[in-house]
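Here are the chains, one letter per residue:
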Amino acid sequence: AQTIHQWPVAEIKAVGSPLSLGCTIKGKSSPNLYWYWQATGGTLQQLFYSITVGQVESVVQLNLSASRPKDDQFILSTEKLLLSHSGFYLCAWSLTGAGNTLYFGEGSRLIVV
Amino acid sequence: QQQVRQSPQSLTVWEGETAILNCSYEDSTFDYFPWYWQFPRESPALLIAIRPVSNKKEDGRFTIFFNKREKKLSLHITDSQPGDSATYFCADTSNTNKVVFGTGTRLQVLP
């Protein structure tokens, strides 16, 4: 069975500090991978997607970057956090092709102070 | 970017009543319409989905009705239970790489 794990579960970080969030998918080769951001009480905003190792596409510009160094790993990062980066970050995977279900990880909750 | 609109923004029903959640979209090239639900402080999960070969998809107390001509979907939850209290999102999956979620409907079921 496929599993998706995110780390860390939660972080409190200072404005201007760096951030790295990670996501690992097990049991599925070459999945599509996604990063979403959700403000408290808000909708799910897609940030990035990746269809293969080393290839990441940005959907919105939020002073964040993403990388896929391995087939089963997706990293979200920034060198300088902003207050507006606070929220719930969700990694998801799906099968390739349109019309597939997204399977989300447990999420990483970030508070920037 | 594709717009997916949901209404109402929030909905409160009594236990045993039917809750109706609405979703509308702009593009007509969808081939898959999922609804996700999200409990407080948890991540979203697939609840039910429909492919447009059918106008209706039923799974227990949850039913999706699809109107292609009007570009609308609705999710009906019959015999609502307090455990159904969650935020419900419909999604646009027409682009395999950009899955757009609706604004969400927050459902509260009172005992």
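Look up a bit, the structure's there.
Residues numbered from 1 in each chain as written. Chains lettered and ligands numbered in written order. Predicted model: local features only at pLDDT ≥ 70, side-chain atom pairs only at ≥ 80, totals over all residues. Heavy atoms only, no water.

1. Looking at the pattern of salt bridges
For side chains bearing opposite charge, pairing can occur when the charged atoms are close.
Residues and elements named next belong to chain B.
Inference 1: Throughout the structure, instances matching the rule amount to seven salt bridges over all chains.
Inference 2: Note that Arg-5 and Glu-26 form a salt bridge whose closest N and O atoms lie 3.5 Å from each other. Note that Arg-5 is positioned in strand E1 (residues 4-7) and Glu-26 in the loop between strand E3 (19-25) and strand E4 (33-38), a separation of 21 residues in sequence.
Inference 3: When its relative accessible area of 45% is taken as the criterion, Arg-5 is described as partly exposed.
Inference 4: Note that Glu-70 and Lys-72 form a salt bridge whose closest N and O atoms lie 3.9 Å from each other.
Inference 5: Each of Arg-69, Glu-70 and Lys-72 takes part in a single network of salt bridges with overlapping partners. (Salt bridge = Lys/Arg side-chain N within 4 Å of Asp/Glu carboxyl O. Helix = DSSP H or I, 4+ residues; strand = E, 2+ residues; numbered from the N terminus. Buried < 20%, exposed > 50% of the residue type's maximum accessible area, 1.4 Å probe, protein only.)

2. Things to note about the nonpolar core
Inference 1: Counting residues in hydrophobic clusters, the biggest one holds 25 residues, and the most contacted among them are Trp35(B), Leu73(B), Leu75(B) and Tyr88(B).
Inference 2: Broken down by secondary-structure element, the contributors of at least two residues to this core are strand E2 (10-14), E3, E4, strand E5 (45-50), strand E7 (62-67), strand E8 (72-77), strand E9 (86-95) and strand E11 (105-110) of chain B.
Inference 3: Counting residues per element, this core draws most heavily on E3(B), which supplies four residues.
Inference 4: Residues Leu21(A), Leu64(A), Phe74(A) and Val112(A) belong to the second largest nonpolar core, which totals 20 residues. (Core = buried A, V, L, I, M, F, W, Y, C linked by side-chain atoms within 4.5 Å.)

3. With respect to unusual backbone geometry
Inference 1: Residue Pro8(A) follows Trp7(A) across a cis peptide bond; omega there is -10°.
Inference 2: Along the chain, the position of Pro8(A) falls in the loop between strand E1 (3-7) and strand E2 (10-13).
Inference 3: For the bond from Ser7(B) to Pro8(B), the omega torsion is -10°, close enough to zero to count as cis.
Inference 4: Positive phi, normally seen in glycine, also occurs at Asn63(A), with a value near 60°.
Inference 5: Along the chain, Asn63(A) falls in the loop between strand E6 (55-58) and strand E7 (65-70).
Inference 6: A relative accessible area of 54% places Asn63(A) in the exposed class.

4. Describing a nonpolar patch on the surface
Inference 1: On the surface, Ile12(A), Ile111(A) and Val113(A) cluster together to form a nonpolar patch covering roughly 310 Å² of accessible area.
Inference 2: Topologically, Ile111(A) is positioned in strand E11 (residues 108-112). (Patch = residues over 30% accessible without salt bridge, like charges linked within 9 Å, V, L, I, M, F, W, Y side chains within 5 Å. Areas by Shrake-Rupley, 256 points an atom, 1.4 Å probe, with all protein chains shown as cover.)

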